[in-house]
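So you can see what is in the structure, the chains are spelled out below.
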Amino acid sequence: MNGRAPRSVPAATRTAVLWVPDWPVVAGLAEAGLDAHVPAAVLGAPSGGGTRAGRSVVATSAVARTAGVRRGMRRRQAQETCPDLVLLEVDDARDARTFEPVALAAETVVAGLEIARPGLLLLPADGATRYHGSERALAERLVTAVADAGHECQVGVADGLLAAVLAAREDAVVPPGGSAARLAGRPVADLVHAVCDPGVVTAVREAVGLWGRLGLHTLGDLAALPAPSVTARFGDLGTWAHRLARGQDERPPARRRIDADLAVATDLDPPADRVDVAAFAARRLAEELHTLLVAHGLACARLRITARTASGELERLWRTDAATGGLDAGRITDRVRWQLEGWLTDAALRRTGTGVSPHVEPVVHLALAAEDVAPAGTHQPSLWGPDAGGDTRARQALDRVQGLLGGDGVLAVRLQGGRDARSRVRLAPYGEEDVLARDPDLPWPGALPSPAPAVVLPDPSPAVVVAADGRAVVVDARLALSGAPDRVRWGEGERAVVGWAGPWPLAERWWTPDPVRRVHLQVVLDDGRGLLLAQVGGVWQVEALYD
């Protein structure tokens, strides 16, 4: 396998890419009111039970990089490298909301832009180049417009998406037909820069690792392979990477027109005067659009978001990663919510001239459209079982209830890490992505053994456990029972114990002024019920029930 550049195939169009370096850091510093020249880094979201100390850096400022801070560093290592480092939290909604003024500034120069991700804009260069005289003049106009909006950016122009993204990182213009040769010597890992959805980054990196083990180290190596062989071996992701490596667009230019039923819309009555209210309507639309895409076996490469207010219509186009299955309903909802926050917050700022107004201009109409669709496999519902339509109807009913009661009106149960039944249960608003504070897959020494209880009581209920001689059963400091449990008095009755297990001690947060100390006991009653008992301060209580 060699790194020779393949012959250029005239299937790519001229694409301009506007890139604001280190956008998550720029957005975080701006929202925090900090100077742009301080060393700063953004910490990634915790994975499961990860602590803040164990999280790693996902973006850094140029000043922090000069001091030696690099992406992937652990928080403590980054702070040791640069003691003055300012740590910012990752926030996709913040990044998208604060990026809207940059998109508006670029739109004064080029119409029809797409947001690949906050910090990266894709713009059609052919028509704009003819209007402004040259591609270099177009790049200068874009840089000036964004600078007037208060940000620094870099612009690149090339054939195809990947070549244009890499050109923007070098602030360069690649001559027509020269993208394939320019890409040939670049490492295959550069494909990650063309990913629009952060959730796809892991899949691309795994594919890059596989290609490296197979001897495909450069984009030229990948581009030299026959396209049918790449598709047969690596599927849609391989086809996407192969086309980009050859300096082409993601798919051939002969695109399908969207069908009329691949667009959904709703009138908001009463009008939504808060972002969260509009976002709930957007979530229902996202579910409908995703259902249509699945029914047609399609994924969309572009998502068009349209909102109408009393003063006019707002519209924005977001680029997605159709090669890896496109967006699910949750990720569609995220993009709509981010865009609404960007529009309405920007409108409030311009109207008040000070801070963000808590009341925004009401949204009266909201629409979503899937554009540039491509086959994404098919989905065949089951003839019976949970996929026979019942779960869909249940979600629709929950959405209607949540629309009436608000976001916290419908809560879903999620299991998280913990040692007792109560700490393992977390209630979160239905439909929202919730980062678990404790990873359930981590080991939890001292945790109750399986199976888990079926029902956890909202409040523990007092109980009395007695032995055969009628004396109360207690657990001493050596975790010894004063007698075998014979009966349990709970509620208004008393039942005989036919089986029991335990006790299991639990001592958590012993270093705090209010440590958690209790002893658990499992008992099976003569009526078939199972109880999880806990002794706290010498008093028994029923915490949960087993089936």
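Residues numbered from 1 in each chain as written. Predicted model: local features only at pLDDT ≥ 70, side-chain atom pairs only at ≥ 80, totals over all residues. Heavy atoms only, no water.

Caption draft 1: Structural detail: the pairing of strand 2 (residues 40-43). Side chains of strand 2 alternate between two faces, with Ala40 and Val42 and Ala41 and Leu43 buried alike. In the sheet, strand 2 pairs with strand 4 (residues 86-89) via four bridges, with the strands oriented parallel. Bridge assignment links Val42 to a residue of strand 4, and that residue is Leu88. Looking at chain direction, strand 2 and strand 3 (residues 57-60) are connected through three bridges and run antiparallel. Counted as the bridge partner of Val42 is Ala59 from strand 3. (Buried < 20%, exposed > 50% of the residue type's maximum accessible area, 1.4 Å probe, protein only. Helix = DSSP H or I, 4+ residues; strand = E, 2+ residues; numbered from the N terminus. Pairing = 2+ DSSP bridges.)

Caption draft 2: Up close: helix 11 (residues 227-245). Here helix 11 spans only 11 Å end to end across 19 residues, well under the 27 Å set by a 1.5 Å rise per residue. By the largest-angle criterion, Phe234 marks the main kink of helix 11, which is about 140°. For helix 11, the complete set of buried residues consists of Val230, Phe234, Leu237, Gly238, Trp240, Ala241, His242, Arg243, Leu244 and Ala245. Residues of helix 11 that are buried sit in contact with helix 7 (161-169), helix 8 (179-184), helix 9 (201-213) and helix 10 (219-223). Phi for Gly247, located one or two positions after helix 11, is positive at around 80°. (Expected span 1.5 Å × (residues − 1). Bend = angle between axes of the 7 residues up to and from the residue. Contact = heavy atoms within 4.5 Å.)

Caption draft 3: Structural view of the layout of surface pockets. There is about 520 Å³ of room inside the second largest pocket. Those elements that place two or more of their residues in the lining of the second largest pocket are helix 1 (23-32) and helix 2 (62-66). No other element matches the four residues that helix 1 contributes to the lining of the second largest pocket. Of the residues belonging to the lining of the second largest pocket, the class tally is eleven nonpolar, five polar and three charged. (1 Å grid on protein atoms, 1.4 Å probe; cavity = no way out; pocket = protein on both sides within 12 Å on 5 of 7 lines; lining within 4 Å. Points joined across faces, edges and corners; volume = space filled by probe spheres on them. Nonpolar A, V, L, I, M, F, W, Y, C, P; charged D, E, K, R; others polar.)

Caption draft 4: Broad picture of the packing of helix 1 against helix 4 (residues 92-107). Interaxial distance between helix 1 and helix 4 falls to 9 Å at its minimum, and their mutual angle equals 90°. One element, helix 1, and the other, helix 4, form an angle in the roughly perpendicular class. In contact with Trp23, Pro24, Ala27, Gly28 and Glu31 of helix 1, helix 4 contributes Arg94, Asp95, Arg97, Thr98, Phe99 and Val102. Residue composition of the contact of helix 1 with helix 4, grouped by class: five nonpolar, two polar and four charged. (Axes fitted to C-alpha atoms, helices over the stretch in contact; angles between N-to-C directions. Parallel < 35°, antiparallel > 145°, perpendicular 65-115°, else oblique.)

Caption draft 5: Examining the confidence of the model for the protein chain more closely. When the pLDDT values of the protein chain are averaged, the result is 78; 80% of them are 70 or greater. Note on residues 352-359: pLDDT under 50 across the span, and ten contacts to partners over four residues away in sequence or across chains. In the model, residues 377-388 has pLDDT below 50 throughout and makes eleven contacts with residues more than four positions away in sequence or in other chains. (pLDDT = per-residue confidence, 0-100.)

Caption draft 6: Broad picture of empty space enclosed by the protein. This model, assessed by the stated rule, comprises one cavity of 30 Å³ or more. Of the pockets and cavities examined, the largest cavity occupies roughly 60 Å³. At the level of secondary structure, the elements contributing two or more residues to the lining of the largest cavity comprise helix 7 and helix 8.

Caption draft 7: Up close: the packing of helix 9 against helix 11. Their axes nearest at 11 Å, the elements helix 9 and helix 11 cross at an angle of 100°. Our classification of the angle between helix 9 and helix 11 gives roughly perpendicular. Residues Ala203, Val204, Ala207, Leu210 and Trp211 of helix 9 pack against Arg233, Phe234, Leu237, Gly238, Trp240 and Ala241 of helix 11. Split into classes, the residues belonging to the contact of helix 9 with helix 11 amount to nine nonpolar, one polar and one charged.

Caption draft 8: Seen up close, the side chain of His193. If you trace the backbone, His193 turns up in the loop between helix 8 and helix 9. Take His193: its relative accessible area is 19%, and that puts it in the buried class. Residue contacts for His193: discarding those within four places in its chain leaves Arg117, Leu120, Val165, Leu166 and Arg169.

Caption draft 9: The packing of aromatic side chains, seen in detail. What the rule picks out here adds up to three aromatic pairs. Between Trp211 and Phe234, the ring centres sit 5.6 Å apart and the planes meet at 90°, which makes this aromatic pair edge-to-face. Of this pair, Trp211 sits in helix 9 while Phe234 sits in helix 11; the two residues are 23 residues apart in sequence, bridging distant segments of the chain. For Trp211, a relative accessible area of 2% translates into the label buried. You can call Phe234 buried: its relative accessible area is 18%. (Phe/Tyr/Trp six-rings, centres within 6.5 Å; stacked < 30°, edge-to-face > 60°.)

Caption draft 10: Examining the nonpolar core more closely. Ranked by size, the top nonpolar core spans 56 residues in total, and within it Leu18, Leu121, Leu123, Leu142 and Leu368 carry the most contacts. Take this core: its biggest share by element is eight residues, from helix 12 (residues 275-296). Apart from the residues within four sequence positions on either side, Leu18 is in contact with Val102, Ala106, Gly119, Leu120, Leu121, Leu123, Leu142, Val146, Cys153, Gln154 and Val155. (Core = buried A, V, L, I, M, F, W, Y, C linked by side-chain atoms within 4.5 Å.)

Caption draft 11: The environment of Val42, seen in detail. Position of Val42 relative to the elements: it lies in strand 2. By relative accessible area, which is 0% here, Val42 ends up buried. Contacts of Val42, omitting those with residues within four sequence positions, involve Pro24, Val25, Ser56, Val57, Val58, Ala59, Leu88, Glu89 and Val90.

Caption draft 12: Structural detail: the pattern of salt bridges. Applying the stated criterion to the full structure yields 20 salt bridges. The salt bridge partner of Arg14 is Glu135, with a shortest N-O separation of 2.7 Å. Taken together, the residues span a long stretch of sequence, with Arg14 in strand 1 (residues 14-19) and Glu135 in helix 6 (residues 135-148) at a distance of 121 residues. Just as Arg14 is buried, Glu135 falls in that class too. In this structure, Arg304 engages Glu315 in a salt bridge whose closest nitrogen and oxygen atoms are separated by 2.9 Å. Taken together, the residues Arg304 in strand 9 (residues 298-309) and Glu315 in strand 10 (residues 312-319) connect sequence positions eleven residues apart. The class for Glu315 is partly exposed, based on a relative accessible area of 37%. Each of Glu170, Arg182, Arg186 and Asp190 takes part in a single network of salt bridges with overlapping partners. (Salt bridge = Lys/Arg side-chain N within 4 Å of Asp/Glu carboxyl O.)

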